[in-house]
Amino acid sequence: MTTSPTIRLLALLAGLALVLACAGPSGSPPPTDIAASSTTLPASPTDVPANPTASPASPTAGPTGGLSVVTSTTVLADLVRQVGGDRVSVESLMPAGRDPHTFEPSPGDAARLAGADLLVMNGLGLDEWLEDLALDAADGVPLVAVAEDLPGAEYLEGGEHAHGDEDDEDHHDEGDEDHGDEDHGDEDHGDEDDHDHAVNPHLWLDVANARLYVERLAEVLTANDEAGRAAYEANAATYDATLAELDGWIREQIDSTPAENRRVVSFHDAFPYLAHAYGLEIVGVVVESPGQEPSAAEVARLITAIREAGVRAVLTEVQFDDRLAQVIADEAGVSVVDQLFTDSLGEPPLDTYEAAMRWNVERIVAGLR
């Protein structure tokens, strides 16, 4: 006898309740084998595609007395390393594999800020905890939010990231004369009112925006270490060429997939910039905000949307427990592309922005074919 949709939905909801009851804290997924996947994907981290222009995984640490930089995330730490080279020492406050949306610094993290010469965060609601901690532990240490008022960036809206103009002045302690409104107009980043709405902060998943980050970081490092200007500009130019090659490679890879297969659902709202830049369509998300599970009605609507839109795959990320996404994908009859790096980098060899992006694209493309 054929099972009715109502009975199937009830069974699904019972399964979801069990998943949620067994799930660990948000941002702390259970141990998984990165090689495991429900699609035919790269077998292991060592299968990141080779690239002769790839940047080093661990640039030389800064010399004694060099510029000490603390970043909010591992993504930003790598970008600073690529630009700073051997003139800077860099550490990320948030460990690899964690979620910045729900990360809470420990009291011991305050000491790491106090000795820094420069603090770097993304901004746009992603990592405000760094600013909060800096106000208490690193008063007077310059703090830059690289994604905010970024010349040339096209901002996209995102559901869970609140950000308002009232935060801007507090973020730019490194000097508004270097990155303030007088240097760029509304045509660079859209209407100012965009920042009164929720702006998606994951700009770096479009490599064109990562190049803008690099340009700004070269300016910021120079403002704090004028003697290093030539080195920072040279490093930024070299790395920009690497990112330009990466951007072209990603386009080629996505373009190699059938256009009708490029509809996806993501675990959270991390992929709009990647989708907008490279031709994917985001049909929906599993969770509107990390740490907040969807209702049964929301899950049912998402499953219906997946079926009706012809979604090819559900994208999940290393920092989140993907069991709920797997249940939804199974019910909708689609695959899961797992172990993607968005808000965080991984362990070597996936500890650079370039390597993580290549890993992501390899897995996504395999899931779309």
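This text follows the structure it describes.
Residues numbered from 1 in each chain as written. Predicted model: local features only at pLDDT ≥ 70, side-chain atom pairs only at ≥ 80, totals over all residues. Heavy atoms only, no water.

**Regarding the environment of Gly 158**
Step number 1: Tracing the backbone through its elements, the reader meets Gly 158 in the loop between strand 4 (143-145) and helix 5 (168-171).
Step number 2: Judged by relative accessible area, Gly 158 falls into the buried class, the value being 5%.
Step number 3: For the pair Gly 158 and Ser 289, spaced 131 residues apart in sequence, the C-alpha separation works out to 10.0 Å.
Step number 4: Sequence-distant contacts of Gly 158, that is, excluding residues within four places in its chain, are made with Ala 198, Val 199, Asn 200 and Asp 269. (Helix = DSSP H or I, 4+ residues; strand = E, 2+ residues; numbered from the N terminus. Buried < 20%, exposed > 50% of the residue type's maximum accessible area, 1.4 Å probe, protein only. Contact = heavy atoms within 4.5 Å.)

**A closer look at the pattern of salt bridges**
Step number 1: The full count for this structure, using the stated rule, is 13 salt bridges.
Step number 2: Put simply, Asp 338 and Arg 363 hold a salt bridge, and the shortest N to O gap is 2.6 Å. With Asp 338 in strand 8 (residues 335-340) and Arg 363 in helix 13 (residues 353-368), the pair connects residues that are 25 residues apart, well separated along the chain. For the residue pair Asp 338 and Arg 363, the accessibility class agrees, reading buried in each case. (Salt bridge = Lys/Arg side-chain N within 4 Å of Asp/Glu carboxyl O.)

**Topic: the pairing of strand 7 (residues 313-317)**
Step number 1: For strand 7, the tally of buried residues reaches 5 of 5 residues, placing the bulk of the element in the interior.
Step number 2: Alternating residues of strand 7 divide into Ala 313, Leu 315 and Glu 317 and Val 314 and Thr 316, and every residue in both groups is buried.
Step number 3: For strand 5 (residues 263-266) and strand 7, the ladder comprises 3 bridges, and the chain directions are parallel. Across the sheet, the residue bridging to Val 264 is Ala 313, located in strand 7.
Step number 4: Sheet topology note: the strand 7/strand 8 ladder contains 4 bridges and is parallel. Looking across to strand 8, one finds that Ala 313 is bridged to Ser 335.
Step number 5: Running through helix 12 (residues 323-332), the crossover from strand 7 to the neighbouring parallel element strand 8 is right-handed. (Pairing = 2+ DSSP bridges. Right-handed = clockwise from strand over helix to strand, strands pointing away.)

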